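What follows is each chain in one-letter form.
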Amino acid sequence: MKVLVTGGAGYIGSHTSLCLLEQGHEVVVFDNLLNSSEESLKRVEELTHRPVQFIKGDLLDASALERIFAENAFEAVIHFAGLKAVGDSVEEPLWYYRNNVVGTLNLLDCMAKAGVKKLVFSSSATVYGASELVPLVEQSPVRAVNPYGRTKEQIEDILSDLVAADTDWSVAILRYFNPVGAHESGRIGEDPRGVPNNLLPFVAQVAAGRRDKVRVFGNDYGTPDGTGVRDYIHVMDLAAGHIAALKFIQSHLGAYCWNLGTGRGSSVLEVIAAFSASAGRDIPYEFAPRRKGDAAISYADASAALADLGWTAHRDLAQMCEDHWRWQSANPLGYQPMPDLTDGDDHQ
Ligand code: NAD
Ligand code: UFG
């Protein structure tokens, strides 16, 4: 299949593009590189020995998108492109709604015009808001508590209205829990800009000596050790979930929604301990007040994805930390090249 991957230079998109290529699909990536680097795709090519066609462009540029659909016969689209920082979305809601919701509308318009009606969409467990009725099932109430989450909720609604209006569409909505880890080669991984918001990249930077200590947000939750519990899922398992969903929508019309998680929760302290074991070093931490808007506990019931797609996550927390650490330690500055510390005089 020829697949358009929006946001394919990013963290989850680059790992999924690698899996698509390994499955023999042709990949065209469309990304504005706002939160990523083209280097990720060069490394995907290097790992797979297959080409990736990269088009730098923005979903808000409808004419650029139209051109791409005019020039390529896509069979399906995997739509990762979007902004994802909760804090930024609270401060700049219009930017988030425009980028995520209007960007998706532009994409859907072009797909409809071109008759490309198979879509896999990156949604998030964030749509469940602070619900603590775990495990979360796809039928759990959807009530996002921040603008980022509401963009996902709105896009899900748009997709179900679209499928209701035109039964030729096949749409898979994937609600990811907490993606972490990296490809086992350590060549591609998550490369957050600035101070990481999420736990794993922050812990990894502490382990690497880039930051002093981890601040554990809250130790008075009603969880076994008092710290927040999440369903961390290895990014390669997540990528495999996209391949399974893509295969499913080849032969099923309609809109479907699946949780992609492991079904197991780990606390912040368990994550720090697992990472410390993988990295073979102490990871200093201190307790800090709860972070606003955080749920105490969130993990998936992922049985629907197993039943419908035959997909389940295989990698455990130790492997997630090991792979994340391999990537972090080999690429301390992410995709940025390491500064050349050689003294010019040495070359005389
Ligand atoms: P990422 O930031 O690494 O990747 C997103 C990519 O989209 C980036 O390369 C960015 O440059 C690109 N992009 C953003 N806006 C664009 C636009 N208007 N036009 C073209 N390209 C644009 O993020 P990720 O972690 O790989 O997440 C991928 C998707 O999964 C996002 O939609 C995100 O909301 C969703 N998601 C992520 C997580 C997570 O914790 N990483 C959890 C749940 C859902
Ligand atoms: N945490 C800390 N210290 C940190 C960062 C996080 O203690 O420096 C704690 C949080 O309080 C939480 C847990 O670690 O208990 C996980 O936090 P993350 O920020 O890594 O992940 P969240 O579950 O809060 O949210 C993430 C993404 C959301 C996404 C959600 C589900 O940020 O966008 O996973 O996919 F929706």
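Residues numbered from 1 in each chain as written. Chains lettered and ligands numbered in written order. Predicted model: local features only at pLDDT ≥ 70, side-chain atom pairs only at ≥ 80, totals over all residues. Heavy atoms only, no water.

> Mind showing me how you'd approach the side chain of H25 here?
Take H25: it is sitting in the loop between α1 (11-22) and β2 (26-31). With relative accessibility at 15%, the residue H25 sits in the buried group. In this structure the side chain of H25 is engaged in a polar contact, spanning 3.2 Å, whose partner is the backbone nitrogen of M1. Those residues in contact with H25, other than ones at most four positions away along the chain, are M1, V3, L20 and R50. (Helix = DSSP H or I, 4+ residues; strand = E, 2+ residues; numbered from the N terminus. Buried < 20%, exposed > 50% of the residue type's maximum accessible area, 1.4 Å probe, protein only. Polar contact = N/O pair within 3.5 Å; in protein donor to acceptor, adjacent residues only side chain to side chain. Contact = heavy atoms within 4.5 Å.)

> What should I look at first to understand the site of ligand 2 in this one?
Among the 19 residues in the neighbourhood of ligand 2, the closest are listed as S124, F177, R215, R230 and D294. Contact distances for ligand 2 include 2.5 Å between an oxygen atom and a backbone N or O atom of F177. In the environment of ligand 2, an oxygen atom lies 2.9 Å from a nitrogen or oxygen atom belonging to the backbone of F217. In isolation ligand 2 offers 690 Å² of accessible surface; the protein chains occlude 88% of this area. By residue class, the composition of the shell around ligand 2 is 9 nonpolar, 6 polar and 4 charged. (Near = heavy atom within 4 Å. Areas by Shrake-Rupley, 256 points an atom, 1.4 Å probe, with all protein chains shown as cover. Nonpolar A, V, L, I, M, F, W, Y, C, P; charged D, E, K, R; others polar.)

> Which parts of the structure should I look at to understand the pattern of salt bridges?
In a structure, side chains of opposite charge can pair up when their charged atoms sit close to one another. Enumeration according to the criterion identifies 14 salt bridges in this entry. The shortest N-O distance in the salt bridge between R215 and E286 comes to 3.9 Å. With R215 in strand β8 (residues 214-217) and E286 in strand β13 (residues 285-288), the pair connects residues that are 71 residues apart, well separated along the chain. Here R215 falls in the partly exposed class, since its relative accessible area comes to 43%. Judged by relative accessible area, E286 falls into the partly exposed class, the value being 32%. Between D237 and R315 there is a salt bridge whose closest N-O contact spans 2.6 Å. (Salt bridge = Lys/Arg side-chain N within 4 Å of Asp/Glu carboxyl O.)

> It is not clear to me how the packing of aromatic side chains should be interpreted in this structure. Could you clarify?
Aromatic rings in a pair are described by how distant their centres are and how their planes are angled relative to each other. Following the criterion strictly, the structure yields 9 aromatic pairs and no others. On the numbers, 5.7 Å between centres and 5° between planes, the contact of Y256 with W258 is stacked. For Y256, a relative accessible area of 24% corresponds to the partly exposed category. Judged by centre distance (6.0 Å) and plane angle (80°), the ring pair of F275 and W325 falls under edge-to-face. Taken together, the positions of F275 in helix α9 (residues 268-279) and W325 in helix α11 (residues 317-330) put the pair 50 residues apart, joining distant regions of the chain. The burial state of F275 is the same as that of W325; both residues are buried. Grouped by ring-pair contacts, the aromatic residues F248, Y256 and W258 constitute a single cluster. (Phe/Tyr/Trp six-rings, centres within 6.5 Å; stacked < 30°, edge-to-face > 60°.)

> Explain the layout of surface pockets to me, please; I cannot follow it from the model alone.
Take a probe with the size of a water molecule and roll it over the atoms, and the empty space left behind shows itself. In this structure, the second largest pocket spans a volume of roughly 260 Å³. What lines the second largest pocket is a set of 19 residues, and nearest its centre among them are D191, P192, L333, G334 and Q336. Elements with a minimum of two residues in the lining of the second largest pocket: α7 (199-207) and α11. By residue number, the principal contributor to the lining of the second largest pocket is α11, which donates 3 residues. By residue class, the composition of the lining of the second largest pocket is 6 nonpolar, 8 polar and 5 charged. (1 Å grid on protein atoms, 1.4 Å probe; cavity = no way out; pocket = protein on both sides within 12 Å on 5 of 7 lines; lining within 4 Å. Points joined across faces, edges and corners; volume = space filled by probe spheres on them.)

> Would you mind going over helix α2 (residues 39-48) with me for this structure?
Residues spaced three or four apart along an α-helix face the same direction, because each turn holds 3.6 residues. Along α2, the residues classified as buried are S40, L41, R43, V44 and T48. Viewed along the axis of α2, the buried residues span an arc of 160°, placing them on a single side of the element. Buried residues in α2 make contact with α1, β2, β3 (53-56) and α11. Residue H49 follows α2 closely and has a positive phi angle near 55°. (Arc of directions from axis to C-beta.)

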